[in-house]
Amino acid sequence: MPHARRELHFVPITLRPVPLFEKGLTVTQTAALHHLQTLDSAIDAIRARLAEIERLLGEDEALRAAQEAVRAAGDSLQAWKTRQTDLELERGRLKEEADAIEERLYSGRVTNPRELTDMQGKLAELRRRYEQLEEPILEAMLAIEEDTARLNEAQAALQRISSQRASMTGELIAEQANLQARLESLMAQADEARRAVDAANLRLYDNLRQRAGGIAVAVIGAGGECSICGVQITSSLRQQVRRGEVLTCPTCGRILYA
Ligand SMILES: [Zn+2]
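Within any chain, residue numbers begin from 1 and follow the written order of that chain's sequence. Reporting of local features is limited, given that this is a predicted model, to residues whose pLDDT is at least 70; pairs of side-chain atoms are given and counted only at 80 or more, and all residues count toward the totals for whole chains, interfaces and linings.

A few words now on the overall build of the protein. Secondary structure elements follow DSSP: runs of H or I no shorter than four residues count as helices, runs of E no shorter than two count as strands, and numbering proceeds from the N terminus. Looking only at helices and strands, the protein features 7 helices and 4 strands. Its helices and strands taken in sequence order, the protein reads α-β-β-α-α-α-α-α-β-α-β from the N to the C terminus. C-beta atoms are first placed from the backbone for all residues, and any pair lying within 7 Å is then listed as a contact. Considering only residue pairs separated by 6 or more positions, the protein has 67% of its internal contacts joining residues 24 or more positions apart.

Structure, rendered in structure tokens:
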């Protein structure tokens, strides 16, 4: 309460100075209201940050995206590996069949020319099919190489995001506990500060607090302007406010404090 001492100097007897409990000082209603506003604004800021922390702790979009990237790369890699295996099995089967025909063809056991021609045709067809498998097998191998690199990258990113998140979570939880303790202390102080304000003034204050921003008390600045709406406060009004009278800004309607 840096203003308490200065206010005392101006307090006229008619203004019912009220005691500020912990310090045993007496302050004007406007000073008591300003003190209450300071506490309430600090409480509002803490509550806003606590809500933000709650939101951040619940949010895991980046983590989900990283997990999804690992899953997608893993699925694709698995599909290409299966394809490569199938193609190689098929190629092996074609080779076995061709080898068997070739062996018979050159064994001398087959002498019928028509049968020999059929076997040669069959062998040529098997070799053609065998060669046709080269390209898809190569394609699968390249895809496996790419997917393996993609999977490694995705796993590294997931690891990074998980550890970042773990440390951020730890920091947020520590901040949350710290803010909770400060909030409790400020709320107790605000309760006490409310007891220094008359019922009618408290009603005015609480109504004004409902407005956007929760600011009920405006300070008159060094240039004589309302700190909230910026309107120039007349010198006679300023004098009344300095004496401790509870008066409101003619433009924004907030309680003035000098
Ligand atoms: Zn104003």
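This paragraph deals with the nonpolar core. We define a nonpolar core as a collection of buried residues of the types Ala, Val, Leu, Ile, Met, Phe, Trp, Tyr and Cys that are connected via C-beta atoms lying within 7 Å of each other. Exposed residues have 12 or fewer other C-beta atoms within 10 Å of their own C-beta, buried residues have 20 or more, and partly exposed residues fall in between, where C-beta atoms are placed from the backbone. Core analysis: the largest hydrophobic core is formed by 23 residues, its most contacted members being Ala 32, Leu 33, Leu 36, Tyr 205, Ile 255, Leu 256 and Tyr 257. Per-element accounting of this core gives the leading share, 5 residues, to helix 2 (residues 29-58). Residues in contact with Leu 256, not counting those within four places in the same chain, are Ala 218, Ile 220, Ile 233, Val 241, Leu 247, Thr 248 and Cys 249.

Between its first and last C-alpha atoms helix 3 (residues 61-105) spans 65 Å; for 45 residues at 1.5 Å apiece the expected length is 66 Å, and the two agree. Looking at the buried residues of helix 3, the elements they touch are helix 5 (134-194). Multiplying one less than the number of residues by 1.5 Å gives the expected span of a helix.

Below, the discussion takes up the confidence of the model for the protein. Looking at any residue, its pLDDT shows the predictor's confidence there, from 0 to 100. Confidence along the protein averages 90 in pLDDT terms, with 90% of residues attaining 70 or more. Predicted confidence in the protein is weakest over helix 1 (residues 4-10), with a mean pLDDT of 38, and strongest over strand 4 (residues 255-257), with 97. This model gives residues 1-24 a pLDDT under 50, and the stretch forms 36 contacts once residues within four places in sequence are excluded.

As for its placement among the helices and strands, Asp 60 is situated in the loop between helix 2 and helix 3. When the C-alpha positions of Asp 60 and Ser 162 are compared, they lie 9.9 Å apart, and in sequence the two are 102 residues distant.

Moving on, we come to the packing of helix 3 against helix 4 (residues 113-132). The N-to-C vectors of helix 3 and helix 4 enclose an angle of 155°; their axes lie 9 Å apart at closest approach. Here helix 3 lies roughly antiparallel to helix 4, going by the angle between them. Our pair here, helix 3 against helix 4, has a crossing hand that is left-handed. Here helix 3 contributes Arg 91, Leu 94, Lys 95, Glu 97, Ala 98, Ile 101, Glu 102, Arg 104 and Leu 105 to the contact with helix 4, which in turn contributes Leu 116, Met 119, Gln 120, Lys 122, Leu 123, Leu 126, Arg 127, Arg 129 and Tyr 130. Side-chain classes follow a simple rule in which Ala, Val, Leu, Ile, Met, Phe, Trp, Tyr, Cys and Pro form the nonpolar group, Asp, Glu, Lys and Arg form the charged group, and the remainder, Gly included, forms the polar group. Partitioned by chemical class, the residues of the contact of helix 3 with helix 4 number 9 nonpolar, 1 polar and 8 charged. Every angle, taken between N-to-C directions, lies between 0 and 180 degrees, and every axis is a line fitted to C-alpha atoms, over only the stretch in contact when it is a helix. An angle counts as roughly parallel when it lies under 35 degrees, as roughly antiparallel when it exceeds 145, as roughly perpendicular when it falls between 65 and 115, and as oblique in every other case. Handedness of a helix crossing follows the sense of rotation of the near helix relative to the far helix, less than a right angle counterclockwise being left-handed and clockwise being right-handed.

So, about the packing of helix 3 against helix 5. Angle between the axes and distance between the axes: these two values describe a pair of packed helices. Between helix 3 and helix 5, the least distance of the axes is 8 Å, while the angle of their chain directions is 160°. The angle between the axes of helix 3 and helix 5 places the two elements in the roughly antiparallel class. Remark: the crossing between helix 3 and helix 5 carries left-handed chirality. A breakdown of the residues in the contact of helix 3 with helix 5 according to their chemical character gives 20 nonpolar, 7 polar and 7 charged.

Summarising the element assignment, Asp 44 is placed in helix 2. For Asp 44, a count of 14 C-beta atoms within 10 Å gives the class partly exposed. Between the C-alpha atom of Asp 44 and that of Gly 213, which follows or precedes it by 169 residues, the distance is 9.1 Å.

The next subject is the environment of Asn 152. Positionally, Asn 152 belongs in helix 5. Asn 152 gets classed as exposed once you count the C-beta atoms within 10 Å, which come to 12. Spatially, the C-alpha atoms of Asn 152 and Gly 74 are 9.5 Å apart, while their sequence positions differ by 78 residues.

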